[in-house]
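Below, each chain spelled out in residue letters.
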Amino acid sequence: MSITAGFLVFLTLTVLLLVAVILTGFKAKRKVHLRLVAITIVSLATAIYYAEQLGTLYDLEASGRIYPIHLWIAKAATVSYVLPLVTGFLTLKNPAMRRRHRWCAFLVVTLTLAAAVTGAAMVWMSDPLPI
């Protein structure tokens with residue numbers, strides 16, 4: 001699989017898995033929800049791997065200001081995955097944490113989508129490196 005195809009496949013898979021995680025969370029299907037969370041983390045890690053590889057094909061700094069903005073958002077998105085993990089485990093013990101867990105989950109989804117959009121813009125505005 002090419003670097004570009006691998007990135008697109010795993011980014012799309014991660015977003016679709018996030019949707020499934022949200023739906024199973026709303027329906028309180030804990031076993032499926034927890035399994036999907038684990039699969040989503042693996043998919044995200046693979047998408048990040050391919051994104052790093054994709055960065056070797058482009059002069060990303062040529063994209064201008066979007067480059068540092070994307071990096072900041074992408075790092076924030078990655079770190080933010082800890083929040084729903086922690087609040088999710090706390091919710092298992094204390095159902096009153098559900099609202100906080102939901103807020104954290106939506107933060108992760110928002111940051112992930114923002115990273116995807118800024119990353120696409122960054123690549124689009126970058127120059128391909130000579131091979």
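Preceding this paragraph is the structure being described.
Let me sum up the structure you'll find in this document.

Conventions and cut-offs
Each chain carries its own residue numbering, running from 1 in the written order of its sequence. Given that this is a predicted model, residues contribute local features only at a pLDDT of at least 70 and side-chain atom pairs are listed and counted only at 80 or more, while totals for whole chains, interfaces and linings are drawn from all residues. Values reported for side chains reflect all heavy atoms of the structure, with hydrogen atoms and water molecules removed beforehand. Helix and strand assignments come from DSSP, with helices taken as H or I runs of at least 4 residues and strands as E runs of at least 2, each series counted from the N terminus. Between the first and last residue of a helix there are one fewer steps than residues, each counted as 1.5 Å, and that sum is the expected span. Note on exposure labels: buried denotes an accessible area under 20% of the residue type's maximum, exposed denotes more than 50%, and partly exposed covers the range between, all computed with a 1.4 Å probe on protein chains only. Residues are treated as being in contact if the distance between any of their heavy atoms lies within 4.5 Å. Each patch is built from residues that are more than 30% exposed by relative accessible area and take part in no salt bridge. Like charges join if they lie within 9 Å; nonpolar side chains (Val, Leu, Ile, Met, Phe, Trp, Tyr) join within 5 Å. Only the protein chains shown count as covering a residue, and every accessible area follows the Shrake-Rupley method with a 1.4 Å probe. Take a side-chain nitrogen of Lys or Arg and a carboxyl oxygen of Asp or Glu: if they are within 4 Å of each other, that pair is a salt bridge. Only the stretch in contact is used when fitting a helix axis, every axis being a line fitted to C-alpha atoms; angles between N-to-C directions are given from 0 to 180 degrees. Roughly parallel here means an angle under 35 degrees, roughly antiparallel means over 145, roughly perpendicular means 65 to 115, and every remaining angle is called oblique. By definition, turning the near helix anticlockwise from the far helix through less than a right angle yields a left-handed crossing, and turning it clockwise yields a right-handed one. In this count, Pro and Cys sit with the nonpolar residues alongside Ala, Val, Leu, Ile, Met, Phe, Trp and Tyr, while Asp, Glu, Lys and Arg are called charged and the others, Gly among them, polar.

In this model, helix H1 (residues 3–26) (24 residues) spans 35 Å end to end at C-alpha, consistent with the 34 Å of a helix rising 1.5 Å per residue. Burial in H1 covers these residues: Gly6, Phe7, Thr14, Leu17, Leu18, Val21 and Thr24. Packing partners of the buried residues in H1 comprise helix H2 (30–54) and helix H5 (98–125). Residue Ala28 follows H1 closely and has a positive phi angle near 55°.

We now examine unusual backbone geometry. At Ala28, a residue that is not glycine, the phi angle is positive and equals roughly 55°. Within the fold, Ala28 resides in the loop between H1 and H2.

Bringing a nonpolar patch on the surface into the picture now. Nonpolar side chains collect at one region of the surface, where Leu34, Ile41, Leu85, Phe89 and Leu92 lie side by side and expose about 420 Å² of accessible area between them. Elements represented by at least two residues in the nonpolar patch include exactly H2 and helix H4 (82–93). The element contributing the most residues to the nonpolar patch is H4, with 3 residues. Counting through the fold element by element, Leu85 comes out in helix H4. Here Leu85 falls in the partly exposed class, since its relative accessible area comes to 34%.

A separate point is the packing of H1 against H5. Following both chains from N to C, one finds H1 and H5 inclined at 165°, their axes separated by 11 Å at the closest point. It follows that H1 is roughly antiparallel to H5 by the angle criterion. Both H1 and H5 take part in a crossing whose hand is left-handed. Contacts between H1 and H5 involve Leu11, Val15, Leu18, Ile22 and Phe26 from the first element and Arg102, Phe106, Val109, Thr112, Leu113 and Ala116 from the second. Grouping the amino acids of the contact of H1 with H5 by side-chain chemistry returns 9 nonpolar, 1 polar and 1 charged.

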